[in-house]
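Here's the letter readout for the chains.
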Amino acid sequence: MRLLSRPAPGEEEGRCPRCDEELFFRKPQSYQRTWAYLIAAAVCYIPANLLPVLTTTTAAGAESDTILQGVVLLWSPTGWPLSIIVLVASIMIPSAKIVALAYLLISSQRGSVANNEQRVRLYRMVEFIGRWSMVDVFVDTFTAALIQLQPLMSVENQAHGLIFFAAVVVFTMLAVESFDPRLIWDSVSPKETGSNEVSYA
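Residues numbered from 1 in each chain as written. Predicted model: local features only at pLDDT ≥ 70, side-chain atom pairs only at ≥ 80, totals over all residues. Heavy atoms only, no water.

### Considerations on the pattern of salt bridges
Part 1 of the reasoning: Scanning all chains against the criterion turns up 3 salt bridges.
Part 2 of the reasoning: For Glu-117, the salt bridge goes to Arg-121, with nearest N and O atoms at 3.9 Å. Residue Glu-117 and its partner Arg-121 are both found in helix H4 (residues 116–130); the two are separated by 4 residues, about one turn of the helix.
Part 3 of the reasoning: In this structure, the salt-bridge partner of Arg-182 is Asp-180, at a minimum N-O distance of 3.0 Å. (Salt bridge = Lys/Arg side-chain N within 4 Å of Asp/Glu carboxyl O. Helix = DSSP H or I, 4+ residues; strand = E, 2+ residues; numbered from the N terminus.)

### Considering unusual backbone geometry
Part 1 of the reasoning: Even without glycine at this site, Gln-29 takes up a positive phi of about 50 degrees.
Part 2 of the reasoning: Take Gln-29: it is sitting in the loop between strand E2 (24–25) and helix H1 (30–50).
Part 3 of the reasoning: The exposure class of Gln-29 is exposed, given its relative accessible area of 52%. (Buried < 20%, exposed > 50% of the residue type's maximum accessible area, 1.4 Å probe, protein only.)

### Remarks on the environment of Val-170
Part 1 of the reasoning: With respect to the helices and strands, Val-170 occurs in helix H6 (residues 159–178).
Part 2 of the reasoning: For the pair formed by Val-170 and Tyr-37, sequence separation is 133 residues and the distance between their alpha carbons is 9.0 Å.

### Focus: the nonpolar core
Part 1 of the reasoning: Of all hydrophobic cores here, the largest spans 33 residues; its most connected members are Leu-38, Ile-67, Leu-101 and Phe-179.
Part 2 of the reasoning: Elements supplying a minimum of two residues to this core: H1, helix H2 (67–74), helix H3 (80–109), H4 and H6.
Part 3 of the reasoning: When residues in this core are grouped by element, the largest group, 9 residues, is from H3.
Part 4 of the reasoning: The residues touching Leu-38, leaving out its near neighbours within four places in the chain, are Ile-98, Leu-101, Ala-102, Leu-105 and Ala-175. (Core = buried A, V, L, I, M, F, W, Y, C linked by side-chain atoms within 4.5 Å. Contact = heavy atoms within 4.5 Å.)

Right, here's the structure in full:
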């Protein structure tokens, strides 16, 4: 049976009277903050994929490429593993995080009671991936350094696209941290959840 507890008056932290574990407050204004970060990430995701992130210089001249064009450029009989890594880390994972968080927000705000356990697992998965989000930026930088073939070919990172791409990574990380997974269960037992001041053991 679930127990709702509050910290003692005058204390910022409390302990559960049953198991003596630390109590955690709900995240304030979780919906508003998560939506704000998520919308910012979605807005930055567009120029991150439209603006060039790599400039390839060869004997024929210089050519700027977006992330997707870079994936195509890297695709070859020997370079396809690197191409797939860039595709997954730079395009599929950021978009999947945005879609997953939007689904969690919409389903929670609509009071959905279906598939709560699956939605919690989805949140935990997004949270776990978020801890490695900066790998996406590292992959792009590492790719540019890896395929240097001067004087025949050189690859440089372009700041315009990378700035928006890094912004997408940061905003999705903030969105994950702002979302309170306990909102998923509020529609199951609304009388037990109380206000934002209530803490759970």
